[in-house]
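Read off the chains here:
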Amino acid sequence: MHIRPRRNRKTQAIRSLVEETKVTTDDLIFPLFLLEGTNQKIEVESMPGIYRLSVDLMLKEIEACMNLGITAFDVFPVVPEHYKDKLGTKGYDSKFFYLTALREIKKQFPEAAIMTDVAMDPYSSDGHDGLVVDGKILNDETLEILGKMALAQAETGIDILGPSDMMDGRVGYIREVLDENGFEEVSIMSYSAKYASAFYGPFRDALDSAPKAGDKKTYQMNPANQREALIEADLDVDEGADFLMVKPALAYLDVIKLFKDSYSQPIAAYNVSGEYAMLKAAAEKGWLEYDKVMAETLLSIKRAGADIILTYHAKEFAQLA
Ligand code: PBG
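Each chain has its residues counted from 1, following the order in which its sequence is written. Whole-chain, interface and lining totals are the exception, using all residues; otherwise, since this is a predicted model, local features are given only for residues with pLDDT of at least 70 and side-chain atom pairs are given and counted only at 80 or more. Hydrogens are left out, water is left out, and the side-chain values use all remaining heavy atoms of the structure.

A. Here's a closer look at the overall build of the protein. Within the protein, the secondary structure is distributed over 11 helices and 12 strands. Based on C-alpha atoms, the radius of gyration is set beside the globule rule, defined as 2.2 Å times the residue count to the power 0.38. For 321 residues, the compact-globule formula gives about 20 Å, and the C-alpha radius of gyration of the protein, at 20 Å, lands near that figure. The principal-axis extent of the C-alpha atoms belonging to the protein is close to 70 × 45 × 40 Å. Partly exposed describes any residue whose relative accessible area lies between the buried limit of under 20% and the exposed limit of over 50%, with all areas from a 1.4 Å probe on protein chains only and scaled to the type maximum. The 321 residues of the protein split such that 54% are buried. Within the protein, contacts between residues at least 6 apart in sequence are counted, and of these 73% link residues at least 24 apart. Accessibility throughout is a Shrake-Rupley quantity obtained with a 1.4 Å probe, and a residue counts as covered only by protein chains that appear here. Carbon and sulfur atoms make up 51% of the accessible area of the protein, which amounts to about 14,800 Å² in all. Under the convention used here, Asp and Glu are negative, Lys and Arg are positive, and both His and the chain ends fall outside the count. Here the site of a charge means atom NZ of a Lys, CZ of an Arg, CG of an Asp or CD of a Glu. Side-chain charges of the protein comprise 36 positive and 52 negative groups, with the mean position of each set lying 9 Å from the other. Runs of H or I in DSSP of at least four residues are treated as helices and runs of E of at least two as strands, each being numbered from the N terminus. Only heavy atoms matter for contacts: two residues are in contact if any of them lie within 4.5 Å across the pair.

B. Layout of the site of the ligand. Throughout, near means a residue has at least one heavy atom within 4 Å of the molecule or strand. Around the ligand lies a shell of 18 residues, among which Lys194, Arg204, Lys247, Ser273 and Tyr312 are the nearest. Side-chain atoms alone can form a polar contact between residues adjacent in sequence; in general such a contact is a pair of N or O atoms within 3.5 Å, and within protein one must be able to donate a hydrogen while the other accepts it. Take Ser164: an N or O atom from its side chain is 2.8 Å from a nitrogen atom of the ligand. Here Gln220 contributes a side-chain N or O atom positioned 2.9 Å from an oxygen atom of the ligand. Relative to its free-state accessible area of 400 Å², the ligand is covered by the protein chains to the extent of 100%. Lining residues are those with an atom within 4 Å of a point, where the points come from a 1 Å grid over the protein atoms alone and group into cavities, where a 1.4 Å probe fits but cannot get out, or pockets, open sets with protein on both sides within 12 Å along at least five of seven lines. Placement in a cavity or pocket follows one criterion, namely that more than half of the molecule's atoms lie within 2 Å of its grid points. Among the detected pockets, the ligand sits in the largest cavity. Broken down by class, the residue content of the shell around the ligand amounts to 8 nonpolar, 3 polar and 7 charged. Basically, the charged four are Asp, Glu, Lys and Arg, the nonpolar ten are Ala, Val, Leu, Ile, Met, Phe, Trp, Tyr, Cys and Pro, and anything else, Gly included, counts as polar.

C. Up close: the packing of aromatic side chains. Stacked, tilted and edge-to-face are the three classes assigned to paired rings of Phe, Tyr and Trp, where Trp is represented by its six-membered ring and a pair needs centres within 6.5 Å; plane angles under 30 degrees give stacked, over 60 edge-to-face, the rest tilted. According to the stated counting rule, one finds 12 aromatic pairs in the structure shown. Aromatic pair Phe259 and Tyr263: ring centres 5.6 Å apart, planes at 85 degrees, arrangement edge-to-face. Note on Phe259: relative accessible area 0%, which makes it buried. Think of it as a cone above the ring: NZ of Lys or CZ of Arg counts as a charge over the ring if it is within 6 Å of the ring centre and within 35 degrees of the ring normal. A cation over an aromatic ring shows up here: Lys41 above the ring of Tyr51, its NZ or CZ 4.4 Å from the ring centre. In this structure, Lys194 packs its charged tip against the face of Tyr200, placed 5.4 Å from the ring centre.

D. Layout of the pairing of strand E11 (residues 267–271). Within E11, 5 of the 5 residues are buried, which leaves the element mostly enclosed by the surrounding structure. The side-chain alternation of E11 yields two buried faces, one formed by Ile267, Ala269 and Asn271 and the other by Ala268 and Tyr270. Crossovers are marked right-handed if the path from the first strand over the helix to the second runs clockwise, as seen with the strands pointing away from the viewer. Of the crossover connections in this fold, the one passing from strand E10 (residues 243–247) over helix H8 (residues 253–262) to the parallel E11 is right-handed. Two strands qualify as a pair provided DSSP detects at least 2 bridges between them. Note: E11 against strand E12 (residues 308–311), 4 bridges, orientation parallel. Directly across from Ala269, in E12, lies its bridge partner Ile309.

E. Layout of the packing of helix H4 (residues 139–154) against helix H5 (residues 170–180). Every axis corresponds to a line fitted to the C-alpha atoms, with the helix fit spanning only the stretch in contact, and the corresponding angles, defined between N-to-C directions, vary from 0 to 180 degrees. Interhelical geometry of H4 versus H5 gives an angle of 45 degrees and a closest axis separation of 9 Å. One finds that H4 runs oblique with respect to H5. For H4 against H5, the interelement crossing comes out right-handed. Mapping the contact onto sequence places Leu143, Glu144, Leu146, Gly147, Ala150, Leu151 and Ala154 in H4 and Arg170, Tyr173, Ile174, Val177 and Leu178 in H5. Any angle that falls under 35 degrees is termed roughly parallel, while one over 145 is termed roughly antiparallel, one within 65 to 115 roughly perpendicular, and all others oblique. In this scheme, a crossing is called left-handed if the near helix is turned counterclockwise away from the far one by less than a right angle; it is called right-handed if the turn is clockwise.

F. Structural detail: the layout of surface pockets. In this model, the largest pocket occupies a volume close to 280 Å³. Residue lining of the largest pocket: 17 residues in total, with Phe30, Gly49, Tyr51, Glu61 and Lys315 positioned closest to the centre. Looking at the lining of the largest pocket, the elements that each hand over two or more residues are strand E1 (28–35), strand E3 (51–54), helix H2 (55–67) and helix H11 (314–320). No other element matches E1, which puts 4 residues into the lining of the largest pocket. The residue inventory of the lining of the largest pocket, partitioned by class, reads 10 nonpolar, 2 polar and 5 charged. Grid points are joined across faces, edges and corners, and a volume is the space filled by probe spheres set on the points.

Here is the structure:
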């Protein structure tokens, strides 16, 4: 045998030399759940180790993560039911606790990359990402609301907007609203291929944001489709997206790879709540070694082509590194 692949695996030093993929804290965005008030900390039952935090405690959490080398965060609001309405008006009320918290976070950590979520579901009494009229999710009417949300979020000084709603034309619409108002420096990370997935369950528990009726299949993508993801991503590129995201990550590694091969924009993957919950549950039962499967999971997402990974494992990963 002239060729013996095992020669390149014989010592750790050689293995390190030939290692093709490495995940570092630079690649990670840590999603955080914001509560109203102060001194509030409530664990998400289906996501052990993940807490909903009021802004004072979130500032401390961000500081702890920054000390571990994590510099990017995606903040989602937990909106109490009595604030929700048909139009999701709290989503663009500049005095609402989400927007005031974002201002505080940016003030205290100007060097951190802060990302926000643009979609109606946390604020909507229907629990849908768009405006519901007679059981239908209206596209173009939703764009106006998303535009207001995007502007209100941009005004807080955040760095990256994350439209997660899957309405047609929303990236272009939001880009235009931002540019018209002097926010040409605010980035857009589009949830380009966001699938109608059952892996979002724990997130909807965390935010109490599940749809009150129906499902999200008329706007989120069919998990069976790969080529359709290219239609979505082509549009987002044309409309000015700075980053393209695939969500969820693990059951969609083929789509991540397809995006990496098809586009020059940075590719993000959202390692979603259900993917986190699976590893935690197996680890709690003693069936898997958490630290190892977690690191291997993040590695697989990066190897598939993700430049950026949004993951609830971020802090624990940084603590291991
Ligand atoms: C809301 C939104 C969802 C997630 C991020 N933004 C849920 C959904 O679309 O129902 C899911 C994140 C996760 O599961 O970790 N537009």
